[in-house]
Amino acid sequence: MSNISTYAKTKFILKMIDNIKKIISKHGGIVKALEDELEAQPAILMALLQMGESLNKIDKEIIEKYNLTQEAKGSYDVRNFIAHDYERVRLAIVEDILRDSLEELETKILKLSNDFE
């Protein structure tokens, strides 16, 4: 994969993270955003799905170099669950991901993106 492709994927992931943060802010918190089944919840789930897909397409060597192995696997697992078992997505798990993992992922992806800029 080229540096341009890696950079484009990291920028896309950062955009999805920013979108999730804006949705959460607009709704006054994670729980309220996930309760909005009409707009916010589907948008957050789609962003997580797209992030998992994008992370999975970055070369494994790069993922390892930036200590993203766990995040890449976890993101892709979440992507698969959302894509293939949409009606049984456990929002408590999504809430935990948003609350506990999103910032660290953003920090690592930002470092990776800056290095490929």
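Here the structure is shown first, and the text comes after it.
Every residue gets a number counted from 1 within its own chain, in the order that chain's sequence is written. Totals for whole chains, interfaces and linings use all residues, but because this is a predicted model, local features are given only for residues with pLDDT of at least 70 and pairs of side-chain atoms are given and counted only at 80 or more. Excluded from the side-chain calculations are hydrogens and water; all other atoms, namely the structure's heavy atoms, are used.

## Quick look at the packing of aromatic side chains
- Here a pair means two rings of Phe, Tyr or Trp (six-membered ring of Trp) with centres within 6.5 Å. Their orientation is stacked below 30 degrees between planes, edge-to-face above 60, and tilted elsewhere. Taken as a whole, this structure holds one aromatic pair when the rule is applied.
- With a centroid separation of 6.5 Å and 55° between ring planes, the pair formed by Tyr66 and Phe116 is classed as tilted. On the criterion of sequence distance, the pair formed by Tyr66 in the loop between α4 (60–65) and α5 (69–84) and Phe116 in helix α7 (residues 102–116) is long-range, its members being 50 residues apart. In this pair, the class of Tyr66 matches that of Phe116, namely buried. Each helix is a run of DSSP H or I of at least 4 residues and each strand a run of E of at least 2, with the numbering of both proceeding from the N terminus. The buried label applies to any residue whose accessible area, calculated with a 1.4 Å probe on protein chains only, is under 20% of its type's maximum; exposed applies above 50%, and partly exposed to all values in between.

## Looking at the nonpolar core
- Ranked by internal contacts, the top residues of the largest apolar core, which has 34 residues, are Ile20, Ile44, Leu48, Met51, Val94 and Leu98.
- Looking at this core, the elements with two or more residues in it are α1 (3–27), α2 (30–35), α3 (40–56), α4, α5, α6 (91–100) and α7.
- It only takes one pair of heavy atoms within 4.5 Å for two residues to be counted as in contact. Those residues in contact with Met51, other than ones at most four positions away along the chain, are Ile13, Met16, Ile17, Ile20, Leu102 and Leu105. Side-chain atoms within 4.5 Å link the members of a nonpolar core, which is a set of buried Ala, Val, Leu, Ile, Met, Phe, Trp, Tyr and Cys residues.

## Overview of the environment of Leu68
- With respect to the helices and strands, the residue Leu68 is situated in the loop between α4 and α5.
- Look at Leu68 and you get buried, because its relative accessible area is 0%.
- Along the primary structure Leu68 and Lys11 are separated by 57 residues, whereas in three dimensions their C-alpha atoms are 16 Å apart.
- Leaving out residues up to four positions away in the same chain, Leu68 has contacts with Ile63, Leu105, Lys108, Ile109 and Leu112.

## What to know about unusual backbone geometry
- One non-glycine residue, Asn67, lies in the positive phi region at around 55°.
- Within the secondary structure, Asn67 is located in the loop between α4 and α5.

## Digging into the packing of α3 against α5
- Lines fitted to the C-alpha atoms define the axes, with helices restricted to the stretch that makes contact. Angles between their N-to-C directions range from 0 to 180 degrees. Here α3 crosses α5 at 130°, and the two axes come no closer than 8 Å. Considering their axes alone, α3 and α5 lie oblique with respect to each other. Pair α3 / α5 crosses with left-handed handedness. Where α3 abuts α5, its residues Leu45, Leu48, Leu49, Gly52, Glu53, Leu55 and Asn56 lie against Glu71, Ala72, Ser75, Tyr76, Val78, Arg79, Ile82 and Ala83.
- Three classes are used: nonpolar for Ala, Val, Leu, Ile, Met, Phe, Trp, Tyr, Cys and Pro, charged for Asp, Glu, Lys and Arg, and polar for all others, with Gly counted as polar. Here the contact of α3 with α5 is composed, by residue class, of nine nonpolar, three polar and three charged. Each angle gets one of four labels, with under 35 degrees taken as roughly parallel, over 145 as roughly antiparallel, 65 to 115 as roughly perpendicular, and the rest as oblique. For a crossing to be left-handed, the near helix must be turned anticlockwise from the far one by less than a right angle; the clockwise case is right-handed.

## Overview of the pattern of salt bridges
- Basic side-chain nitrogens of Lys or Arg form a salt bridge, by our definition, when they fall within 4 Å of a carboxyl oxygen of Asp or Glu. Under the defined criterion, the tally for this structure stands at eleven salt bridges.
- Put simply, Glu106 and Lys21 hold a salt bridge, and the shortest N to O gap is 2.7 Å. Here Glu106 is found in helix α7, whereas its partner Lys21 is found in helix α1, with 85 residues between them in sequence.
- Using a relative accessible area of 17% as the deciding quantity, one classes Glu106 as buried.
- Assessed through its relative accessible area of 29%, Lys21 is described here as partly exposed.
- Glu53 is the partner of Lys57 in a salt bridge, and the nearest nitrogen-oxygen pair spans 3.7 Å.

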